[in-house]
Each structure stands twice: as structure tokens, then as C-alpha cells.
Amino acid sequence: MPQYWEKLKGLQAQIPMPMKPYSRKGVPYGNVFDLEKVFEREIRAEKDGGSPKGKRRRHEQSR
């Protein structure tokens, strides 16, 4: 997966437009670099003991 991600970042660096406008958990992103920042924030929040908003959804708590 890391090699695939690096390939995506290389492609995105050559393309001026986002690959796909989208949002994740209410955070808009459109290119690979924005998405990477979203993932990094989520990972940090999980390591700190919670979700990015500090609350988990009911169905996530039961897993």
C-alpha cells in the first residue's frame, strides 16, 4: 500500500485539479495531499484516546 500511495501522490503532483472532490467526516478534501492530512489527524486523535471530535458514534462503540 505505501508504494501505491506514493504513486498516487506523484500523479497528483502532476495534475492541477483534484482527483475527486469529496469530504470525510465533514472535512472537505479533493487531492491526495489533503486526504493524507485528514488521515494523519484521525490517527493522532485515535492515539490520543478518542475520535477527532472526541465522541464515537453508537455503532462504533459496540464494535
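Residues numbered from 1 in each chain as written. Predicted model: local features only at pLDDT ≥ 70, side-chain atom pairs only at ≥ 80, totals over all residues. Heavy atoms only, no water.

**Student:** Looking at this structure, I do not really get the overall build of the protein chain. What am I missing?
**Tutor:** When helices and strands are counted, the protein chain shows 3 helices and 2 strands. Seen in sequence order, the protein chain has helices and strands lined up from the N terminus as α-β-β-α-α. When each of the 63 residues of the protein chain is scored for burial, the buried share is 21%. Total accessible area on the protein chain is roughly 5,600 Å²; 54% of this is exposed by carbon and sulfur atoms. (Helix = DSSP H or I, 4+ residues; strand = E, 2+ residues; numbered from the N terminus. Buried < 20%, exposed > 50% of the residue type's maximum accessible area, 1.4 Å probe, protein only. Areas by Shrake-Rupley, 256 points an atom, 1.4 Å probe, with all protein chains shown as cover.)

**Student:** Explain the nonpolar core here, please?
**Tutor:** Most often, soluble globular proteins keep nonpolar side chains buried together rather than apart. Trp5, Leu8, Tyr29, Val32, Leu35 and Val38 form the largest nonpolar core, which has 6 residues in total. Going through the elements one at a time, α1 (2-14) and α2 (32-47) are the ones with two or more residues in this core. Ranked by the residues each element gives to this core, the list is headed by α2, at 3 residues. Once you skip the residues sitting within four places of it in the chain, Leu8 turns out to touch Met19 and Val32. (Core = buried A, V, L, I, M, F, W, Y, C linked by side-chain atoms within 4.5 Å. Contact = heavy atoms within 4.5 Å.)

**Student:** What is the right way to read the packing of aromatic side chains from this model?
**Tutor:** Given two aromatic rings, one states the distance between the centres and the angle between the planes to describe the pair. The final tally for this structure, using the stated rule, is 1 aromatic pair. Look at Trp5 and Phe39: their rings are 6.2 Å apart centre to centre, the planes differ by 50°, and that puts the pair in the tilted class. Remark: Phe39 occurs in helix α2 and Trp5 occurs in helix α1; sequence separation between them is 34 residues. When its relative accessible area of 17% is taken as the criterion, Trp5 is described as buried. The exposure class of Phe39 is partly exposed, given its relative accessible area of 30%. (Phe/Tyr/Trp six-rings, centres within 6.5 Å; stacked < 30°, edge-to-face > 60°.)

**Student:** Got a minute to help me understand the confidence of the model for the protein chain in this structure?
**Tutor:** Within the protein chain, residue pLDDT values average 77, and 75% of them lie at 70 or more. Averaged pLDDT values over the elements of the protein chain bottom out at 48 in helix α3 (residues 58-61) and peak at 91 in α1. Throughout residues 58-63 the model reports pLDDT below 50, and contacts reaching past four residues in sequence, or to other chains, amount to 1 contact. (pLDDT = per-residue confidence, 0-100.)

**Student:** Can you help me understand the pattern of salt bridges in this one?
**Tutor:** Close approach of charged atoms allows side chains of opposite charge to pair. Counted under the stated rule, the structure contains 2 salt bridges. In this structure, Glu6 and Lys9 form a salt bridge, with 3.3 Å as the shortest nitrogen-oxygen distance. Of the two residues, Glu6 and Lys9 both sit in helix α1, 3 residues apart, roughly one turn of that helix. On the basis of relative accessibility, which here comes to 47%, the residue Glu6 falls in the partly exposed class. Accessibility expressed as a relative area gives 17% for Lys9, which makes it buried. Put simply, Lys9 and Glu36 hold a salt bridge, and the shortest N to O gap is 3.3 Å. (Salt bridge = Lys/Arg side-chain N within 4 Å of Asp/Glu carboxyl O.)

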